[in-house]
Amino acid sequence: MRRPNGTGTITKMSGNRRKPYAVRVPSRDSKGRVIQKYLSYHSTMKEAMEALDTYRYRFSVQQAPKPDDLDQTLTDAWEGWKRKVRFDTRLSHNTRKTYQSAWNSLADLHNSRMRDIGVDHWQTVIDRMEAAGKSKTSVDHAYLIMRCLSRYALEHDWIRKDYTEFVILPKISAKVKKDSLTENQIATLAQMASVGNQTAASLLVLCYTGFRASEFLSLSLSSYDAEQDILIGGGKTAAGKGRIVPVHPVIKPYITQWFAQGGEALYTEGTSKHVEYATYRRRVAEIMNSIGCPEATAHWCRHTMASRLKQVHADPMIVKLILGHSIGDVTERYTHVSIEQLRETILRLP
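Fair warning: this is a prediction, and the values are worked out from it, not measured in the lab. (Residues numbered from 1 in each chain as written. Predicted model: local features only at pLDDT ≥ 70, side-chain atom pairs only at ≥ 80, totals over all residues. Heavy atoms only, no water.)

*Asks:* Would you take a moment to explain the overall build of the protein chain for this structure?
*Replies:* Helix and strand counts for the protein chain stand at 14 helices and 6 strands. The buried share of the protein chain, reckoned over its 350 residues, is 41%. Pairs at least 24 apart in sequence give 61% of the contacts found in the protein chain among residues at least 6 apart. If you sum the accessible surface of the protein chain, you get close to 19100 Å²; carbon and sulfur atoms cover 50% of it. (Helix = DSSP H or I, 4+ residues; strand = E, 2+ residues; numbered from the N terminus. Buried < 20%, exposed > 50% of the residue type's maximum accessible area, 1.4 Å probe, protein only. Contact = heavy atoms within 4.5 Å. Areas by Shrake-Rupley, 256 points an atom, 1.4 Å probe, with all protein chains shown as cover.)

In structure tokens:
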């Protein structure tokens, strides 16, 4: 029986096929011409008829994608999601880099239609990352992007179900050993910094401020208050955002030098440009290897700061304020602690 115009067609395809009956629905191309888009394939005419009738019904009650959306790919979801979250204007530089890297890990699915991606496809990406020895952070970020894109597609009726919720994440232990630098290694960094090694100087700053590497690289010229001789920065957590860290005399020459140079950020290595985290990590690895600590990362400097403050018997609450650890009411955290009290604690460090 012939179907009414505009309600779809069923075509038996040539050749020896396991599912020869193709369900097609009308759509329009970029020039407005009517075209037929393939919806699904079936073994019998009856199955195909049922599939088409089901689609038409679900479409009528807004539970199925429009014909124009049947071919939306994962890349379409990525571009749409970026517009939704204002990727280029609202997200920080480091966050964009993180999400872009996570997106790249989904390369095998970039051109796949959203409605064709099932739990097995998502799981395969995660399993391959685990097999390749990727860190827990990398796997978690990839899964986050999967979830975001799948939810975006679900919101726009490109898919019927969010299969990412069924993905099983592997139990990956931390790859990086967390430890502190020794006093001799700190002295070596100071010596290297004194002869112009910018990376060594930056690590010295991390050892005397407790900033995370990402927080340090995000510091702008306005982050340094020369009059009060303090740095204002941080942002990974609510407790760490906008925290005040007085500048220790050991690192002041480098802070003032970088401030005088101007640039897109406080630390630019003399280029006036923002230093990419990946680039910085490679340079840090070279320095750590040269001081006899090849397993160390920039985050060791934060542990070093915490360890040294403990050794000089600093007030635990002030330590939390300097490092950006939660102490309860974030909005009132500086009510009873003055900058001079923070400075007195910082100056205890050798």
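*Asks:* What am I meant to see in the environment of Cys 301 here?
*Replies:* When you line up the elements, Cys 301 lands in helix 12 (residues 299–311). Through-space distance from the C-alpha of Cys 301 to that of Gly 210 is 6.8 Å; in sequence the pair is 91 residues apart. Look past the residues within four positions of Cys 301 in its chain and what remains in contact with it is Leu 181, Leu 203, Leu 206, Cys 207 and Met 288.

*Asks:* Looking at this structure, how should I read the pattern of salt bridges?
*Replies:* Pairs may arise between side chains of opposite charge once their charged atoms sit close together. A complete count under the given rule lists 15 salt bridges for this structure. Salt-bridge contacts for Arg 128 lead to Asp 108; the nearest nitrogen and oxygen are separated by 2.7 Å. Of this pair, Arg 128 sits in helix 5 (residues 119–131) while Asp 108 sits in the loop between helix 4 (93–104) and helix 5, and the two are 20 residues apart along the sequence. Both residues of the pair, Arg 128 and Asp 108, count as exposed. (Salt bridge = Lys/Arg side-chain N within 4 Å of Asp/Glu carboxyl O.)

*Asks:* Can you help me understand the packing of helix 13 (residues 316–323) against helix 14 (residues 339–346) in this one?
*Replies:* To characterise two packed helices, one gives the angle between the axes of the helices and the distance between these axes. Between helix 13 and helix 14, the shortest axis-to-axis distance is 10 Å and the interhelical angle comes to 95°. In terms of their interaxial angle, helix 13 and helix 14 are classed as roughly perpendicular. Packed against helix 13, whose contacting residues are Ile 318, Leu 321 and Ile 322, the element helix 14 presents Gln 341, Leu 342, Thr 345 and Ile 346 at the interface. Across the contact of helix 13 with helix 14, the residue classes tally to 5 nonpolar, 2 polar and no charged. (Axes fitted to C-alpha atoms, helices over the stretch in contact; angles between N-to-C directions. Parallel < 35°, antiparallel > 145°, perpendicular 65-115°, else oblique. Nonpolar A, V, L, I, M, F, W, Y, C, P; charged D, E, K, R; others polar.)

*Asks:* Honestly, unusual backbone geometry in this entry has me stumped. Any pointers?
*Replies:* Glycine aside, negative phi is the norm for most residues, and most peptide bonds take the trans geometry. Phi at Asp 229 takes a positive value of approximately 55°, unusual for a residue other than glycine. Mapped onto the fold, Asp 229 is located in the loop between strand 4 (224–225) and strand 5 (230–233).

*Asks:* How should the nonpolar core be read in this particular structure?
*Replies:* One recurring pattern in soluble globular proteins: nonpolar side chains tend to sit buried together. Membership of the largest hydrophobic core comes to 52 residues, with the highest contact counts inside it found for Leu 181, Leu 203, Phe 216, Ile 255, Trp 258 and Tyr 280. Looking at this core, the element that brings in the most residues is helix 8 (residues 198–209), giving 8 residues. Beyond its immediate sequence surroundings of up to four residues, Phe 216 is in contact with Ser 202, Val 205, Leu 206, Phe 211, Trp 258, Tyr 267 and Tyr 280. Grouped together as the second largest cluster of nonpolar side chains are 28 residues, Ile 117, Ile 145, Met 146 and Ile 159 included. (Core = buried A, V, L, I, M, F, W, Y, C linked by side-chain atoms within 4.5 Å.)

*Asks:* Quick question: what am I supposed to make of helix 12 here?
*Replies:* One turn of the α-helix equals 3.6 residues, which is why residues spaced by three or four share an orientation. For helix 12, spanning 13 residues, the distance from its first C-alpha to its last is 19 Å, which sits close to the expected 18 Å at 1.5 Å a residue. Residues of helix 12 that are buried include every one of Trp 300, Cys 301, Arg 302, Thr 304, Met 305, Arg 308 and Leu 309, and no others. Those residues of helix 12 that are buried lie in contact with helix 7 (183–194), helix 8, strand 6 (243–246), helix 11 (277–290), helix 13 and helix 14. (Expected span 1.5 Å × (residues − 1).)

*Asks:* Could you clarify how one ought to interpret the sheet that holds strand 6 in this entry?
*Replies:* To summarise the sheet geometry, strands pair through backbone hydrogen bonds and adopt either a parallel or an antiparallel arrangement. The sheet built from 3 strands is open, its strands ordered 4-5-6 with antiparallel pairing. Each edge of the open sheet is held by one strand with a lone partner, namely strand 4 and strand 6. (Pairing = 2+ DSSP bridges.)

*Asks:* So what exactly am I meant to see when it comes to the sheet that holds strand 3 (residues 34–42) here?
*Replies:* Taken together, the 3 strands give an open sheet; going across it, the order is 1-2-3, and neighbouring strands pair in antiparallel fashion. At either end of the open sheet lies a strand with only one pairing partner, and these are strand 1 (9–12) and strand 3. Across this sheet, the average inter-strand angle for adjacent strands is 35°, counted without regard to direction.

*Asks:* Got a minute to help me understand the packing of aromatic side chains in this structure?
*Replies:* Here the distance between the centres and the angle between the planes together describe a pair of aromatic rings. Considering all chains together, one arrives at 12 aromatic pairs under this definition. Taking 6.4 Å as the distance between ring centres and 45° as the angle between the ring planes, the aromatic pair formed by Phe 216 and Tyr 280 counts as tilted. With Phe 216 in helix 9 (residues 213–217) and Tyr 280 in helix 11, this residue pair connects regions lying 64 residues apart in the sequence. The same class applies to Phe 216 and to Tyr 280, which are both buried. (Phe/Tyr/Trp six-rings, centres within 6.5 Å; stacked < 30°, edge-to-face > 60°.)

*Asks:* What's the story with the side chain of Gln 72 in this structure? I'm lost.
*Replies:* Looking at where Gln 72 falls in the secondary structure, it is placed in the loop between helix 1 (45–60) and helix 2 (74–85). We classify Gln 72 as buried; its relative accessible area is 17%. Each residue touching Gln 72, except ones within four places of it in the same chain, is listed here: Ser 112, Arg 113, Met 114 and Trp 158.

*Asks:* Whenever I open this one, the environment of Ser 150 confuses me. Can you help?
*Replies:* The residue Ser 150 is located in helix 6 (residues 136–155) in this model. On the basis of relative accessible area, Ser 150 is assigned to the buried category, the value being 2%. Between the alpha carbons of Ser 150 and Met 114 there is a distance of 8.0 Å; along the sequence they are 36 residues apart. Apart from the residues lying within four places of it in its own chain, the contact partners of Ser 150 are Met 114, Ile 159, Asp 162, Tyr 163 and Thr 164.

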